[in-house]
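Coordinates in review
Next come the chains, spelled out residue by residue.
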Amino acid sequence: MYGRFGLVLLALVAVLVWFLPSYYTGLLTQIGLYALVTIGLNMFMGYAGQVSLGQAAFVGIGAYTSAALAVKGHVTPWLGLIAGALVAALVAYVLSFIALRLRENLLALATLALGIVINVVFNEWEFIGGSSGFKDIPGFALGAFTFDQRAYAILAWALVALGIWFAGNVVRSSFGRALIAISAGELGAQTLGVESERLKRQTFVLSAVYAGVAGAVYASSFSYIDPSSFSFLLSVNFVLMSVIGGIRSLWGAVIGAAVVVALGQVLQNVVPLVLPSARGDFQQFFLGVILIAMLILLPRGITSRLREARA
Amino acid sequence: MTAVASPLTTTLEVRGVSVRFGGVIAVADVTFTAHTAEVLGVMGPNGAGKTTLFNVISGVQRPTSGEVSLGGSRLTGRGVEDVAALGVTRTFQTPVMFWGLTVRESVEVALAAREFGGTYPPAPWRELLRCGFGTPGRRRENAVLRECADAILTGAGIAAMAGRATESLAFGEERLLEMARALAVSPNVLLLDEPLSALNPDEIEAVLTSIRSARASGVAVLLVEHAVGELLAVADRVVVLDHGRKIAEGSPQAVAADPLVIDAYIGDELE
Ligand SMILES: Nc1ncnc2c1ncn2[C@@H]1O[C@H](COP(=O)(O)OP(=O)(O)O)[C@@H](O)[C@H]1O
Ligand SMILES: [Mg+2]
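Residues numbered from 1 in each chain as written. Chains lettered and ligands numbered in written order. Predicted model: local features only at pLDDT ≥ 70, side-chain atom pairs only at ≥ 80, totals over all residues. Heavy atoms only, no water.

**Comments concerning the overall build of chain B**
Along chain B, the regular secondary structure elements total ten helices and ten strands. For 271 residues, the compact-globule formula gives about 18 Å, and the C-alpha radius of gyration of chain B, at 19 Å, lands near that figure. Buried positions account for 53% of the 271 residues belonging to chain B. At a minimum sequence separation of 6, the contacts of chain B that also span at least 24 residues come to 67%. Surface exposure of chain B reaches about 11,600 Å², of which carbon and sulfur atoms provide 56%. Separation between the mean location of the 23 positive side-chain charges and that of the 32 negative ones in chain B comes to 9 Å. (Helix = DSSP H or I, 4+ residues; strand = E, 2+ residues; numbered from the N terminus. Rg over C-alpha atoms; globule rule 2.2 N^0.38 Å. Buried < 20%, exposed > 50% of the residue type's maximum accessible area, 1.4 Å probe, protein only. Contact = heavy atoms within 4.5 Å. Areas by Shrake-Rupley, 256 points an atom, 1.4 Å probe, with all protein chains shown as cover. Lys, Arg positive; Asp, Glu negative; His and termini not counted. Charge placed at Lys NZ, Arg CZ, Asp CG, Glu CD.)

**A word on the sheet that holds strand S4 (residues 65-70) of chain B**
All names here are of chain B. Read across the open sheet, the four strands follow the order S2-S1-S4-S5; overall the sheet is antiparallel. A single partner strand is all that each edge strand has here, and the edge strands are strand S2 (24-35) and strand S5 (73-74). Looking at chain direction, S4 and S5 are connected through two bridges and run antiparallel. The residue bridging Ser 69 from the neighbouring strand is Arg 74, located in S5. (Pairing = 2+ DSSP bridges.)

**Describing the coordination of the magnesium ion (ligand 2)**
At the metal site, the magnesium ion (ligand 2) is ligated by Thr 51 of chain B (OG1) and Gln 93 of chain B (OE1), and these contacts range over 2.0 to 2.3 Å. Highlighted residues: Thr 51 of chain B in helix H1 (residues 50-57) and Gln 93 of chain B in the loop between strand S6 (88-90) and helix H3 (103-115), separated in sequence by 42 residues. (Donors = N, O, S within 2.8 Å, 3.2 Å for Na, K, Ca; no water.)

**Topic: the sheet that holds strand S3 (residues 38-43) of chain B**
Residues and elements named next belong to chain B. What the six strands build is an open sheet, ordered S6-S7-S8-S3-S9-S10; its pairing is mixed. The open sheet has two free edges, formed respectively by S6 and strand S10 (245-250), since each of these has just one partner strand. The sheet shows a mean angle of 20 degrees between the axes of neighbouring strands, direction not considered. Summarising the sheet, S3 and strand S9 (residues 237-242) pair through four bridges and their orientation is parallel. When the sheet's bridge partners are listed, Met 43 is paired in S9 with Val 240. (Axes fitted to C-alpha atoms, helices over the stretch in contact; angles between N-to-C directions.)

**Examining the interface of chain A and chain B**
If you look at the interface, chain A gives 32 residues, while chain B gives 42 residues. Summed over both sides, the interface of chain A with chain B buries roughly 2,900 Å², with 69% coming from carbon and sulfur. Area buried by chain A at its contact with chain B is led by Arg 177, Thr 191 and Leu 192 of chain A, which between them contribute 24% of it. Counting every contact that joins chain A to chain B gives one salt bridge. For the salt bridge of Glu 108 of chain B with Arg 177 of chain A, the shortest nitrogen-to-oxygen distance reads 3.1 Å. Scanning the region where chain A abuts chain B turns up eleven residue pairs in polar contact (both at pLDDT 80 or more). Elements with a contribution of two residues or more to the side of chain A that touches chain B: helix H6 (149-171), helix H7 (174-190) and helix H8 (196-222) of chain A. If one sorts the elements of the side of chain A that touches chain B by residue count, H7 of chain A sits on top with twelve residues. Among the residues forming the side of chain A that touches chain B, the class breakdown is 16 nonpolar, ten polar and six charged. (Buried area = accessible area lost by both parts, 1.4 Å probe. Salt bridge = Lys/Arg side-chain N within 4 Å of Asp/Glu carboxyl O. Polar contact = N/O pair within 3.5 Å; in protein donor to acceptor, adjacent residues only side chain to side chain. Nonpolar A, V, L, I, M, F, W, Y, C, P; charged D, E, K, R; others polar.)

**Description of the environment of Ala 181 of chain A**
As for its placement among the helices and strands, Ala 181 of chain A is situated in helix H7. Residue classification places Ala 181 of chain A among the buried positions, given a relative accessible area of 0%. For the pair Ala 181 of chain A and Ile 61 of chain A, spaced 120 residues apart in sequence, the C-alpha to C-alpha distance is 31 Å. For Ala 181 of chain A, the residues in contact, after removing those within four places along its chain, are Glu 186 and Ala 189 of chain A together with Phe 98, Leu 101 and Val 109 of chain B.

**Observations regarding the site of ligand 1**
Residue and element names in this part refer to chain B. Around ligand 1, the neighbouring residues are Phe 21, Val 24, Ala 26, Pro 45, Asn 46, Gly 47, Ala 48, Gly 49, Lys 50, Thr 51 and Thr 52. Between an oxygen atom of ligand 1 and a main-chain N or O atom of Gly 49, the distance comes to 3.0 Å. Relative to its free-state accessible area of 560 Å², ligand 1 is covered by the protein chains to the extent of 59%. Taken together, the elements giving at least two residues each to the shell around ligand 1 come down to S2 and H1. The element contributing the most residues to the shell around ligand 1 is H1, with three residues. The residue makeup of the shell around ligand 1, split by class, is five nonpolar, five polar and one charged. (Near = heavy atom within 4 Å.)

**Description of the pairing of S9 of chain B**
All names here are of chain B. Of all six residues in S9, six are buried; the element is thus mostly enclosed. Where S9 meets S10, five bridges bridge the pair, whose relative direction is antiparallel. Bridge pairing in S10 links Val 240 to Ala 248. Linkage of S9 to S10, two consecutive antiparallel strands, is achieved through a turn of two residues, within which His 243 is found at a positive phi near 45 degrees.

What follows is the structure in structure tokens.
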């Protein structure tokens, strides 16, 4: 079902890009990439019951790995994408040995610290461009065809389709049931032989793969990255997308990404009308207010309300 | 039932176990053994240290001193999952439910661990990929798990609950599910912490039936229960704790007549 849903969205995007102005095609790409990250995050937060405030770091690692390989080593972004996913996975794997031992709120802090540390590395490491990052990152190509805006939107949503299909299989399998079991009653599951730490580790690494893939595509599609693209605020936005859509929902990840990107656009256009002196930070402030309102009004996300309406 | 008398085989050994919480000595130098195919009652007034003892055996709580072993291999120092993989599982005084799963799915969680040799997920990564790609092999295994789960629910007398969300269960139904889940891992040792409390007569009968059939299949059942009548009726032997110490051990009749035991219970009621 998830697979078919993903293909329908992909088909929709593949049609839409021929009619939308290129600015909106770019937004579609952005929504797709954010949705991909959020699908991964939802497995970790919604199913495994953990918290991550550091997903932007994995997006950044994917982006920087792919960009560095392409710019410095003339490696095709297709390989860069795989490398980006692998490096993000490796970092998540290593971090998990420290972080997953921690209780939930400490895990949130540990992932937050990861985001900050990785950002410092991006800023200070001259080999990967320091604070100015990478410019003119080579794009994806298929044969003689170099990707344009439309192709990136289609690529992003093809990855969403693949990602939601895989995640959908996972959450409805023994693996997904074990995740739900540990999030509801960790000790109870452990006394049945469920290796909760291993489950959480594998899910965390999987979420990093989703983020790393999104980052690699992001780097090539924007052809420019710098450390500020992967700040703590981006991590917060992923949590926001996750919560708005409903953390234990894969469709919710897509809805959440779309809602947050759309809200960002609205705020960008409306806030200056109301508060002429407001700067970019105000968008974040309003997104924060909306998050709090969401948590109060729809604590289990938009999709939970849809499910109730159907039931 | 076959009438072949099997010799008593020691399976679980608890040796000199003490647990201290700050100034409180919850369990004090407790030693006993449990045999295969027996129900060992663990009695004692509130606060006697029964739950703490179960926590030590199941790996939830490290003892301050002493050790627990199963069939000669040491359990103390292992994690809860590893103790479970060696065949020791338990239920909780307050049932732990897997909200978000149905009754059948909850049992499938236990079965998956058994299927893979005691712990789930098995060897790193491969299982995640098989689940994610929905390989035909994994799908066949899912179908088998489902059938096994239904068989277990039928055995526990709760087949009618199979499709229900665990959130919708009444307290007694939660107890029955938790018991079925524990039996699904085919344990060697099953620790039941007050499995009868707050159950109606039908549910009590269902739990007692499950306990007897577990015993018949060779499980060592350790039973903590406040309903002394039921406990003495189903137990083969009884260990009595009071203020963390073992004050008596023996047949249900002997223990019920033991003045020390009577004192402990009456003293508890007067307090
Ligand atoms: N985690 C803990 N921290 C401190 N004291 C505890 C803890 N768990 C149990 N105790 C104390 O240990 C004693 C035994 O408790 P428990 O094992 O729950 O008894 P029972 O199950 O026989 O009623 C009690 O005095 C209780 O207050
Ligand atoms: Mg107790």
